[in-house]
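Spelled out, the chains give:
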Amino acid sequence: MDFTESSIILKVGSFREIDLWVRLATPAHGVVTAFAFGGSRSRRRFMGCLDPLNRVDFQFRRSGRGEYLYLMEGRLVRGCPELRADAARLGPAVNCVKFYEAVFEGPDGTEESFALLAEALEVMEARADLSPLLPLLFRAKVVFLQGYAPGFGACPRCGKDLRTAVAPTLLVEQGVVACAEHAHGSGRRVVLDPWTVDLLETVRMRGVRRWADAVPPDASRRRLFDAVDALVRYHLGLAWEDGRFRRV
Ligand SMILES: [Zn+2]
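Residues numbered from 1 in each chain as written. Predicted model: local features only at pLDDT ≥ 70, side-chain atom pairs only at ≥ 80, totals over all residues. Heavy atoms only, no water.

Caption draft 1: Fine view of the sheet that holds strand S7 (residues 176–178). The strand order across the open sheet built from 3 strands is S7-S6-S8, with neighbouring strands paired in antiparallel fashion. Every other strand in the sheet has two partners, leaving S7 and strand S8 (189–191) as the edge strands with one partner each. Neighbour to neighbour, the strand axes of the sheet diverge by 20 degrees on average, direction disregarded. Sheet topology note: the strand S6 (residues 169–171)/S8 ladder contains 3 bridges and is antiparallel. Note on S8: the bridge partner recorded for Leu171 is Arg189. (Pairing = 2+ DSSP bridges. Helix = DSSP H or I, 4+ residues; strand = E, 2+ residues; numbered from the N terminus. Axes fitted to C-alpha atoms, helices over the stretch in contact; angles between N-to-C directions.)

Structural data, given as structure tokens:
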């Protein structure tokens, strides 16, 4: 059974002499591994396609029992030559890709998150002046798209604008951000500030281009990191350790 799907290449490895395995993000099949027989030689079937971070329309074939996926041919939609040649951009891009791979392992469709990854790579390819926070904000956006999206605009208990409230507080397990007076309940809490709630609300509501160059005041950097780290750990069960994301 053949099907065609737009894909983003996460990793490429070789086996035997001329064959490749390719780790791919797809909108309808999640993160999958597929084999490209003759991939390292076949210019005609995979011309310029098989590099990490490329967006490619692939024709897939499923093996008889459905256990394996094979790549039959590819058409390059968008490459990332600037990004791959610039270590300052490549590091953050690889971080986003590793996170994506950890979250979306498996067969579930992830159309919105696939579009997010595609947009993030497109922005990183087009611009060199991006925020050092981009990978962190990317993780926050993935959490929000998975449905764990507290509103950062107003306290749900009194309606006070959190951008002007003193010590707005994220209650991690409850998935709520409340003003200091109404931040009741047990569990992990992270005290935020006006800049942080404003940025996280922008991330929640808007696309990558709107927050790709956010520069944090020093005092907010730690709060932002703690908030996103706590949301990712609690809701997605992942933590960044030793250069990779681990299940916690
Ligand atoms: Zn309140």
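The rest of the description comes next.
Caption draft 2: The environment of Pro156, seen in detail. Within the element layout of this structure, Pro156 appears in the loop between helix H5 (134–145) and S6. Residues Pro156 and Val176 lie 20 residues apart in sequence; the distance between their C-alpha atoms is 7.7 Å.

Caption draft 3: Main features of the packing of H5 against helix H6 (residues 194–205). Contact pair H5 / H6: the axes reach a minimum separation of 9 Å and the direction vectors enclose 60 degrees. On the basis of their axis angle, the class for H5 and H6 is oblique. In the packing of H5 onto H6, the handedness of the crossing is right-handed. Touching Leu137, Ala140, Lys141 and Phe144 of H5 are Leu199, Leu200, Val203, Arg204 and Met205, all from H6. When its residues are assigned to classes, the contact of H5 with H6 shows 7 nonpolar, no polar and 2 charged. (Parallel < 35°, antiparallel > 145°, perpendicular 65-115°, else oblique. Left-handed = near helix turned anticlockwise from the far one by under 90°. Contact = heavy atoms within 4.5 Å. Nonpolar A, V, L, I, M, F, W, Y, C, P; charged D, E, K, R; others polar.)

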